[in-house]
Amino acid sequence: MKAARTKTPRRPRKATNPTLKDPVGVYCRVRPLCRSDQECCIEVINETTVQIHPPEGYRVFRNGEYRETQYSFKEVFGTLVVQKELFEVVAKPLVEDLIRGKNGLLFTYGVTGSGKTHTMTGSPGDGGLLPRCLDMIFNSIGPFQAKRFVFKLDEKNGVDVQSEVDALLERQRRDALPVPKTPAGKRHIDPEFADMINVQDHCKVEEVDEDNVYSVFVSYIEIYNNYIYDLLEEAPFEPIKPKWNSCNTPVRNGDFIPPQSKMLREDQNHNMYVTGCTEVEVKSTEEAFEVFWRGQKRRRIANTQLNRESSRSHSVFIIKLAQAPLDADGDNVLQEKEQITLSQLSLVDLAGSERTNRTKAEGNRLREAGNINQSLMTLRTCIEVLRENQLYGTNKMVPYRDSKLTHLFKNYFDGEGKVRMIVCVNPTAEDYEESLQVMRFAEMTQEVEVARPVDRPLCGLTPGRRLRNQAFREELARRLELRGGPVGGDTEEQSAAEMLLQSFPPLPSCELLDIHDDQTLPRLIEALEQRHRMRQVLAEEFAKNVLAFKTMLQEFDSSVLSKEHYIQGKLSEKEKTIAGQKTELERLEKKIKTLEYKIEILEKTATIYEEDKRNLQQELESQTQKLQRQASDKRRLEARLQGMVTETSLKWEKECERRVAAKQLEMQNKLWVKDEKLKQLKAIVTEPRAEKPERPSRERDRDRPVQRSVSPPPVPNAPPVRLRHRRSRSAGERWVDHKPPSNVPTETVMQPHVPHAITVAAASEKALAKCDKYMLTHQELASDGEIETKLIKGDVFKTRGGGQAVQFTDIETLKQESPTGRKRRSSPSQPDPLEDAADSEWTDVETRCSVAVEMRAGSTLGPGYQHHAQPKRRKP
């Protein structure tokens, strides 16, 4: 018999109702702590809310900020919740939808070591969601399963249905093949998972269509490093155990072919599927979980710092349920592809997001962690774009193709089934930052809505066909037992014929005992004629009844047609009204979204303004404090300047007194010189002239030494000049004496000297930090070619940034000049002895008084010194 092909697993987009949407169901499960002394950062507030607070060390690291954040979920499961309660709330509705022909997606999400695999698979004695889903499916459809190979999946995401004969031939052909030595070929249950599938709940779906037949197909794949691998694909041979040839030598593993990655394909209805994936038909919970366990052993896991058996790939276990109605007799499968439905439930165990600085991953582990985090980031991005499109009415492209994980399940988010997510969190303080990111992603996922798929249409056949067929078979078996053998023909038709024959007159005896018997045949003829007339009457009556029935049917058809027209008119009016109401609703929804968007923008603007206000207030306070500091600095500077003015005034008063005294002394010296000259002149004038003196010869004049009068010292009892150092007034303060290496030492009598000073060749922050005064020795060449030494002084103070700064306040100058010698006058004429003596005396006094000490005001270290050695011009 020719096989029929159904539609693809998920219905086309037109089968969804865009006006009916359900949000993604997000649930939270908190893992118990491994040790009682561990710090906990997550607390369950109530059935729908958890509170997360930063640990102690995190608060110190974040400048003492302490903020508790609450997150709401559809339901929260604490540390004491058992697997049964979690299954009843989360997975049971998905199994019920699967049997009703709808698709479902359930995945666990969380950081590594948060209990995702335990939630999905379970542990010995406490099965997880996956074995409980399988147990509920087979408890519900167990009596109504089709025989093996009645449903046959094709390679294009479709299903073929075969007759009982074709299925029998397929089973015989498969039985003739050698059985592979795999765990699936064992007859007993593997003790590794026997406790996981030993579920005593016997949960089942209450309303199962008994007029359908069902078949279950399972497949198991993993997404590793963004490649899809089939975990049920058989390898050429076991790579661990080597083969042995006829020479008793092992065969090299070069014949081993590594598994090939699978490709994603899109069927004719734009649904995604994995091409070439192994799909196994199973008939019991044990067989299905045995297939799962065979693939689970091939899944990639590794030992990391955070989890001893960390999943290094995303695993997807797909359960497909094919169902088709029975024919009108309730005996065989209906061979119509439009009536065959294929639904699927995908159970996804996502690999945990992790930070490499905590797992200490290297090499392959590091590359695996990068691919895991990248695929989870793509999932997060898709959720964000979907949320933005639904909230604000935008039409941004969702990047499903950036990752194989999101590309495989894009139809679920586009409205091809119900989506539920279990967020697994570890309440330890070490996972605080990762748990915070998981909570934010879960909160955002709850805002995404998925279109609700419509129910599958009814087949139109009379319900209860299977029960009637079973009752007929039971009655037939009972009658066969009573009669002791089989009966031929149709029982119901024979019973009707017998009833009709019983209404006819009985036939007389047809036995002829005598050759001259002339009564038996006439009686038989009369009985047959009577039956013939009765048959004609029944035929006429039947014809009349048929005609009347036809008339009644025509009248009924006309009334039904008129009622249909009336109902159609009413329906069209209602549809117009509904269309108008839908348009109004869409307009109102768009308006609401626009207003929400405006409100959100205003809230953001208000937040920005508040932030600006806070910043301006802080800036105003800082400026006020700065002004106050400047005012205090100004007052301090004014006080300091007042002190400097007072000190300078005192200096200048002393300087003026010194200069007046020096001027008086100079005038006294000049007056004494004049007195001496006058005395000599008086002596010459008053001396009597005895005779004319001889004119001395030039040679004798030349040989005679010049008599010079020794002038008395200008200042009597003047103390001898001694080498001394200038002493700073601030001798109690610490100085930084900055002398560059290029300075030339001067051998002057007066030298700058500061006690307790730190002498440096280059200014450094370390030296400035120890002192509060600074002096720079600078040398330059003056205009007359002599060396001029300047002492630049300043105050050292600390800056806000923790450094040191110097504010220069004073400059002292130390200048050295070389005095020129007295020039002798050479004249051919005889010099006047009195004039020469007076001139020589005056010259000696000038020479002796040419070096003076001058005190300059404006120095905080002491009076400045200048050495003057400028020769004065002689009078002609």
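Here we summarise the structure given alongside this text. Just so we're clear, the structure is a prediction, and the values are computed from it rather than from any experiment. Residue positions are given per chain, counting from 1 as you read along its sequence in written order. The predicted nature of this model means local features are confined to residues of pLDDT at least 70 and side-chain atom pairs, given and counted, to a pLDDT of 80 or more, with totals for whole chains, interfaces and linings taken over all residues. Water and hydrogen atoms were dropped before computing side-chain values, which therefore reflect all heavy atoms in the structure.

Let us look at the side chain of Q51. A run of H or I in DSSP becomes a helix once it reaches four residues, and a run of E becomes a strand once it reaches two; helices and strands are each numbered from the N terminus. Tracing the backbone through its elements, the reader meets Q51 in strand β5 (residues 49-52). Only protein chains enter the accessibility calculation, which uses a 1.4 Å probe; a residue whose area is less than 20% of its type maximum is buried, one above 50% is exposed, and one in between is partly exposed. Residue classification places Q51 among the buried residues on the basis of a relative accessible area of 10%. We call two residues in contact when some of their heavy atoms are within 4.5 Å. Setting aside chain neighbours within four positions, we find Q51 in contact with C41, I42, E43, I45, E68, T69 and Q70.

Attention shifts here to the pattern of salt bridges. Criterion for a salt bridge: a side-chain nitrogen of Lys or Arg within 4 Å of a carboxyl oxygen of Asp or Glu. Enumeration according to the criterion identifies 32 salt bridges in this entry. Note that R148 and E287 form a salt bridge whose closest N and O atoms lie 3.6 Å from each other. In this pair, R148 sits in the loop between α4 (129-141) and β11 (151-153) while E287 sits in helix α6 (residues 285-296), placing the two residues 139 residues apart along the sequence. Residue classification places R148 among the partly exposed positions, given a relative accessible area of 28%. In this structure, K793 engages E812 in a salt bridge whose closest nitrogen and oxygen atoms are separated by 2.7 Å. Of this pair, K793 sits in strand β29 (residues 787-798) while E812 is found in strand β30 (residues 804-815), placing the two residues 19 residues apart along the sequence. The network of salt bridges with common partners includes E170, R173 and R174.

With that out of the way, let us pick up unusual backbone geometry. Although it is not a glycine, N157 adopts a positive phi angle of roughly 65 degrees. Even without glycine at this site, N225 takes up a positive phi of about 55 degrees. Residue placement: N225 occurs in the loop between β13 (212-224) and β14 (227-230). Judged by its relative accessible area of 10%, N225 is buried.

Summarising the element assignment, V398 is placed in the loop between α8 (364-392) and α9 (404-408). For V398, a relative accessible area of 16% puts it in the buried group. Ignoring anything within four residues of it in the chain, the contact list for V398 reads C382, V385, L386 and N389.

Every patch collects residues that have over 30% relative accessible area and no salt bridge, joining them within 9 Å if they carry like charges and within 5 Å if they are nonpolar side chains (Val, Leu, Ile, Met, Phe, Trp, Tyr). Throughout, the Shrake-Rupley method with a 1.4 Å probe supplies accessible areas, and for residues the shown protein chains are the sole cover considered. Together, L678, L681, I684 and V685 make up an exposed nonpolar region whose accessible area comes to about 390 Å². Along the chain, L678 turns up in helix α14 (residues 520-686).

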